[in-house]
Protein chains: 4
Amino acid sequence: MLETIQAINGSASFNRWAGFEVTRAQDGEAELRLRWRAEDMGQYAGFLHAGLTAGLLDTVCGFAAATVAGRVLASHFSVNCMSPAVGRSFVARGRVVKAGRKQVFASAELFAVGEGDAAEKLVATGSAILVPVEAAPA
Amino acid sequence: MLETIQAINGSASFNRWAGFEVTRAQDGEAELRLRWRAEDMGQYAGFLHAGLTAGLLDTVCGFAAATVAGRVLASHFSVNCMSPAVGRSFVARGRVVKAGRKQVFASAELFAVGEGDAAEKLVATGSAILVPVEAAPA
Amino acid sequence: MLETIQAINGSASFNRWAGFEVTRAQDGEAELRLRWRAEDMGQYAGFLHAGLTAGLLDTVCGFAAATVAGRVLASHFSVNCMSPAVGRSFVARGRVVKAGRKQVFASAELFAVGEGDAAEKLVATGSAILVPVEAAPA
Amino acid sequence: MLETIQAINGSASFNRWAGFEVTRAQDGEAELRLRWRAEDMGQYAGFLHAGLTAGLLDTVCGFAAATVAGRVLASHFSVNCMSPAVGRSFVARGRVVKAGRKQVFASAELFAVGEGDAAEKLVATGSAILVPVEAAPA
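From a predicted model like this one, the values you see are computed outputs, not experimental measurements.

We now examine the relation of the copies chain A and chain B. The relation between the two copies of this chain is a rotation about an axis and a shift parallel to it. In the superposition of chain A on chain B (RMSD 0.0 Å, axial shift 0.0 Å), the rotation amounts to 180 degrees. Here the copies are linked by what is in effect a two-fold axis. Of all interface residues in chain A, 97% are interface residues in chain B too; the two copies therefore contact each other through one and the same surface.

Further remarks concern helix α1 (residues 2-10) of chain C. Residues and elements named next belong to chain C. Among all positions in α1, only I5, I8 and N9 are buried. All buried residues of α1 fall inside an arc of 100 degrees around its axis, so they share one side. Among the exposed residues of α1, those oriented more than 90 degrees off its buried face are E3 and A7. Packed against the buried residues of α1 are α2 (13-18), β1 (21-26), β2 (29-35) and α3 (50-69).

Next up on the list: the sheet that holds strand β6 (residues 120-132) of chain A. Read across the open sheet, the 12 strands follow the order β1(A)-β2(A)-β4(A)-β5(A)-β6(A)-β3(A)-β3(B)-β6(B)-β5(B)-β4(B)-β2(B)-β1(B); overall the sheet is antiparallel. Each edge of the sheet is formed by a strand with only one pairing partner; in this case those strands are β1 (21-26) of chain A together with β1 (21-26) of chain B. Averaged over all pairs of adjacent strands, the angle between their axes in this sheet comes to 20 degrees, without regard to strand direction. Strand direction decides the pairing type here: strand β5 (residues 104-113) of chain B and strand β6 (residues 120-132) of chain B, joined by 10 bridges, are antiparallel. Opposite F111(B), over in β6(B), you have L122(B) as the bridge partner. Contacting β1, β2 (29-35), β3 (72-81), β4 (89-99), β5 (104-113) and β6 of chain A together with β3 (72-81) of chain B, helix α3 (residues 50-69) of chain A runs over the sheet at an angle of about 45 degrees to β4(A). Against the sheet, helix α1 (residues 2-10) of chain B contacts β1 and β2 (29-35) of chain B, and its axis sits at roughly 140 degrees relative to β1(B).

Turning our attention to the sheet that holds β2(C). Strand order in the open sheet formed by 12 strands is β1(C)-β2(C)-β4(C)-β5(C)-β6(C)-β3(C)-β3(D)-β6(D)-β5(D)-β4(D)-β2(D)-β1(D), and the pairing between neighbours is antiparallel. Strands with a single pairing partner mark the edges of an open sheet, and in this sheet they are β1 of chain C together with β1 (21-26) of chain D. Pairwise comparison of adjacent strand axes, ignoring direction, gives a mean angle of 20 degrees for this sheet. Along the sheet face, α3(C) touches β1, β2, β3 (72-81), β4 (89-99), β5 (104-113) and β6 (120-132) of chain C together with β3 (72-81) of chain D and points at about 45 degrees away from the line of β4(C).

Once that is clear, we can look at the interface of chain A and chain B. Contacts between chain A and chain B engage 29 residues on the former and 29 residues on the latter. Those elements that place two or more of their residues in the side of chain A that touches chain B are α2 (13-18), α3 and β3 of chain A. At 8 residues, β3(A) tops the list of elements feeding residues into the side of chain A that touches chain B. Its residues assigned to classes, the side of chain A that touches chain B shows 15 nonpolar, 11 polar and 3 charged. Summarising the sheet, β3(A) and β3(B) pair through 5 bridges and their orientation is antiparallel. Looking across to β3(B), one finds that N80(A) is bridged to H76(B).

Contact geometry of α3(C) with helix α3 (residues 50-69) of chain D gives a least axis separation of 7 Å together with a crossing angle of 140 degrees. In terms of orientation, α3(C) lies oblique with respect to α3(D). For α3(C) against α3(D), the interelement crossing comes out right-handed. Facing A50(C), G51(C), L52(C), A54(C), G55(C), D58(C) and T59(C) of α3(C), the residues of α3(D) in contact are A50(D), G51(D), L52(D), A54(D), G55(D) and D58(D). Residues that form the contact of α3(C) with α3(D) fall into these classes: 6 nonpolar, 5 polar and 2 charged.

As a further point, take the interface of chain D and chain C. Across the contact, 30 residues belong to chain D and 31 residues belong to chain C. Within the residue set of the side of chain D that touches chain C, elements represented by two or more residues are α2 (13-18), α3 and β3 of chain D. Residue contributions to the side of chain D that touches chain C peak at 8 residues, all from β3(D). Its residues assigned to classes, the side of chain D that touches chain C shows 16 nonpolar, 11 polar and 3 charged.

Cut-offs used in this document
- Along each chain, residue indices are assigned from 1 in the same order as the chain's sequence is written.
- Each chain takes a letter, starting from A, and each ligand takes a number, starting from 1, following the order in which they are written.
- Since the coordinates come from a predicted model, pLDDT governs what is reported: local features require at least 70, and pairs of side-chain atoms require 80 or more to be given and counted, while whole-chain, interface and lining totals use all residues.
- Overlaid copies result from least-squares superposition on C-alpha atoms, with residues included only where pLDDT is at least 70 in both.
- Two residues form a contact once the distance between their C-beta atoms, set from the backbone, is within 7 Å.
- Each residue is classified by how many other C-beta atoms fall within 10 Å of its C-beta atom, where C-beta atoms are placed from the backbone; a count of 20 or more means buried, 12 or fewer means exposed, and values in between mean partly exposed.
- Going along the chain from the N terminus, every DSSP run of H or I of four or more residues is numbered as a helix, and every run of E of two or more is numbered as a strand.
- The directions considered for the arc are those from the helix axis to the C-beta atoms.
- Only strands joined by at least two bridges in the DSSP assignment are considered to pair.
- Structural elements are reduced to axes, namely lines fitted to C-alpha atoms, with helices fitted over the stretch in contact, and the angle between N-to-C directions of any two is expressed from 0 to 180 degrees.
- Residues are grouped as follows: Ala, Val, Leu, Ile, Met, Phe, Trp, Tyr, Cys and Pro are nonpolar; Asp, Glu, Lys and Arg are charged; every other residue, Gly included, is polar.
- With respect to orientation, any angle under 35 degrees is reported as roughly parallel, any angle over 145 as roughly antiparallel, any angle of 65 to 115 as roughly perpendicular, and every other angle as oblique.
- The crossing is said to be left-handed when, going from far helix to near helix, the turn is anticlockwise and less than a right angle, and right-handed when the turn is clockwise.

What follows is the structure, given as structure tokens:
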């Protein structure tokens, strides 16, 4: 399953550009890692841009859903930004909360990892509704 | 005001990488444009990646808020994905719904623009809560 | 169509208890009115309770959706509370933003109406995702 | 602390009408119970109305926040409806995810409890942003 999700990840040009790395994907759970690059990932204050915060949270929810429901498309996602997203790298962990036939509900957390990869700090949370592609999304 | 917002836009490395262009910013409203690049902006099916959909919607909400509240940080945003985000370019339009002292509420739409720039198609909507930076966000 | 939606409204015991009144329902739009009662509708500070704010917004989104998609169930809704919900009565107006086969996206505003019914004040906004019942929701 | 939160609960007329019962409130967590009444709590299909689903989730998030931040007002909340809310009673459990000075982020689950109070079934999840009242909400 991990290799399947990694192949999907590799087929997305944005994920390749950013360097999303799938480090776990099974049984309704997924984990995604990103190494910070100041030169093309920042918002105006130098934190990780909301587009990458959302991109990581939405993607890890989608991959968690894909482990139980196959290919999916997000119809809704929301993000709570709790602390400035500052770190040497970031790790997003997602899980399926409820997998229905027409909709899969998933949620995720995004952590910043500092120097020495010692401590993880929660910087954002998110949730998503994924529609299985076979079911012809809205 | 437009030049002020364009300067903020230019100070964000992600925005420069993506090529966000601020084409309007005044009186609680803002408009942002993005030219599609297949080589680094797609999700696995070739649509605009959720990270860019969210990045455009969140950023245009922030810029609309900035026209009335100065520098802001998003504490929450949500995105509804209504149609596959496929186009030659994209335009996001945001507006402030309510500007409070501690929180600014904004909403936005994202449109795909096709060949000839003739027709705009609604592909996603979003809303955001922005916290003025002077007010020391949560 | 208005009579059909009013009949659905009358079949819901919570709506009857609260006194929800459907004053418009056609072509993807709906309007719902509620008369304030201090004795059973307040939160601790005496404003309209979030349950009624959400109940009005979710219901008016559902009724707007029902005018184009038949019976629906909400799978997601969100509410932004912009001002204290204080008034002699309240009016919620909802509209369908996009009606898909599997999901209907709708949004709504809630206004407080004061003495003399003269002025409406925006107190909350909301959005909802509705799943047509025939399509067997999640 | 439990008695303080129960007193706040008792001061809200909607909570008294519905019969919200605070069964836990300490250290950033809270639990709320509701006994089902078909005669005034249902939506058109006979499930618990979205207004009560949202009311329980928003209130339990607010009470969890109140244990660490004093009196609060919700500025945003969202609800995912995962299964029909059918039960003899309902229990909502909320917790603070991050307590900032200006905003408190909380999340909650709503469970339906069946005959014999044997099994709990997850029917909805929610999240809320609460603004401490002393901090003068938006």
